[in-house]
Amino acid sequence: MARLARPDLTVAMFFTLTIIAALGCGLMAGVFFAFSAMVMPGLRRATPAEGIAAMRAINIAVVNPAFVGVFLGTAAVSVAAAFGGTTAGWVGAALYVLGGIVLTAAYHIPRNNALEQQGTPEYWTRYLREWVPANHVRAIACLGAALAFTFAATQL
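My aim in this report is to walk through the structure given alongside it, one point at a time. Predicted, not measured: the structure shown is a model, and the values here were computed from it.

**As for the packing of aromatic side chains**
- Summed over the entire model, instances satisfying the criterion amount to seven aromatic pairs.
- By the ring-pair criterion, three or more aromatic residues cluster together here, those being Phe 35, Tyr 123, Trp 124, Tyr 127 and Trp 131.
- Cation over ring: Arg 111 sits above Tyr 107, and NZ or CZ is 3.6 Å from the ring centre.

**Section: the layout of surface pockets**
- Its volume calculated, the largest pocket comes out at about 480 Å³.
- Lining the largest pocket are 22 residues; nearest its centre among them are Asn 59, Val 62, Phe 67, Ile 109 and Asn 112.
- Mapped by element, the contributors of at least two residues to the lining of the largest pocket are α1 (8-45), α2 (48-61), α3 (65-82), α4 (87-117) and α5 (121-154).
- Counting residues per element, the lining of the largest pocket draws most heavily on α4, which supplies six residues.
- Tallied by class, the residues present in the lining of the largest pocket amount to 14 nonpolar, five polar and three charged.

**With respect to the pattern of salt bridges**
- Throughout the structure, instances matching the rule amount to three salt bridges.
- We note a salt bridge from Arg 111 to Glu 130, for which the minimum N-O separation is 3.0 Å. One end of the pair, Arg 111, is in helix α4; the other, Glu 130, is in helix α5, and 19 residues separate them in sequence. For the pair Arg 111 and Glu 130, one class covers both residues: buried.
- The partner of Arg 126 in a salt bridge is Glu 130, and the shortest N-O contact between them spans 2.9 Å. One end of the pair is Arg 126 and the other is Glu 130, both in helix α5 and four residues apart, which spans about a single turn.
- Among the residues examined, Arg 126 registers a relative accessible area of 37% and is labelled partly exposed.
- Ionic contacts of the salt-bridge type, sharing partners, join the residues Arg 111, Arg 126 and Glu 130 into one network.

**Considerations on the packing of α1 against α5**
- Where α1 contacts α5, the two axes come as close as 8 Å, and the packing angle between them is 155°. Taken together, α1 and α5 sit at an angle that is classed as roughly antiparallel. Relative to α5, the crossing made by α1 is left-handed.
- Residue classes in the contact of α1 with α5 are distributed as 25 nonpolar, six polar and two charged.

Scoring rules and cut-offs
- Residues numbered from 1 in each chain as written.
- Predicted model: local features only at pLDDT ≥ 70, side-chain atom pairs only at ≥ 80, totals over all residues.
- Heavy atoms only, no water.
- Phe/Tyr/Trp six-rings, centres within 6.5 Å; stacked < 30°, edge-to-face > 60°.
- Lys NZ or Arg CZ within 6 Å of the ring centre and 35° of its normal.
- 1 Å grid on protein atoms, 1.4 Å probe; cavity = no way out; pocket = protein on both sides within 12 Å on 5 of 7 lines; lining within 4 Å.
- Points joined across faces, edges and corners; volume = space filled by probe spheres on them.
- Helix = DSSP H or I, 4+ residues; strand = E, 2+ residues; numbered from the N terminus.
- Nonpolar A, V, L, I, M, F, W, Y, C, P; charged D, E, K, R; others polar.
- Salt bridge = Lys/Arg side-chain N within 4 Å of Asp/Glu carboxyl O.
- Buried < 20%, exposed > 50% of the residue type's maximum accessible area, 1.4 Å probe, protein only.
- Axes fitted to C-alpha atoms, helices over the stretch in contact; angles between N-to-C directions.
- Parallel < 35°, antiparallel > 145°, perpendicular 65-115°, else oblique.
- Left-handed = near helix turned anticlockwise from the far one by under 90°.

As structure tokens, then:
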């Protein structure tokens, strides 16, 4: 994509947004990785009742200003940074919004809600089987977004 001449202030603004997007995506990749690598394997080792209780508590605790601010704020900053005009920025925004936000809203939240309602050992087995692989996708998508934004920053 050919770059248009832009004032230095505009370049600095998009560079800053791109760096913030890269950091936010990297932070979210780390959160999702921690769930895949430690939290969920730990809960899998607990009894179903203990695992269900712990996951229910996590699902309540995650709705807090710090997490929601970073989670949704990163989406907003990612989209804004994409307007910096690089292909890598658009790729980063798409990976984060689709792999982080949309996958969470369309796939993980419904399963979390079903765990809250059903909460049986049978559902827990299904929950682990379905939730964890899709969480790997979230981690990889967010890491890919962080890499794309890092590359985009070098092109501004």
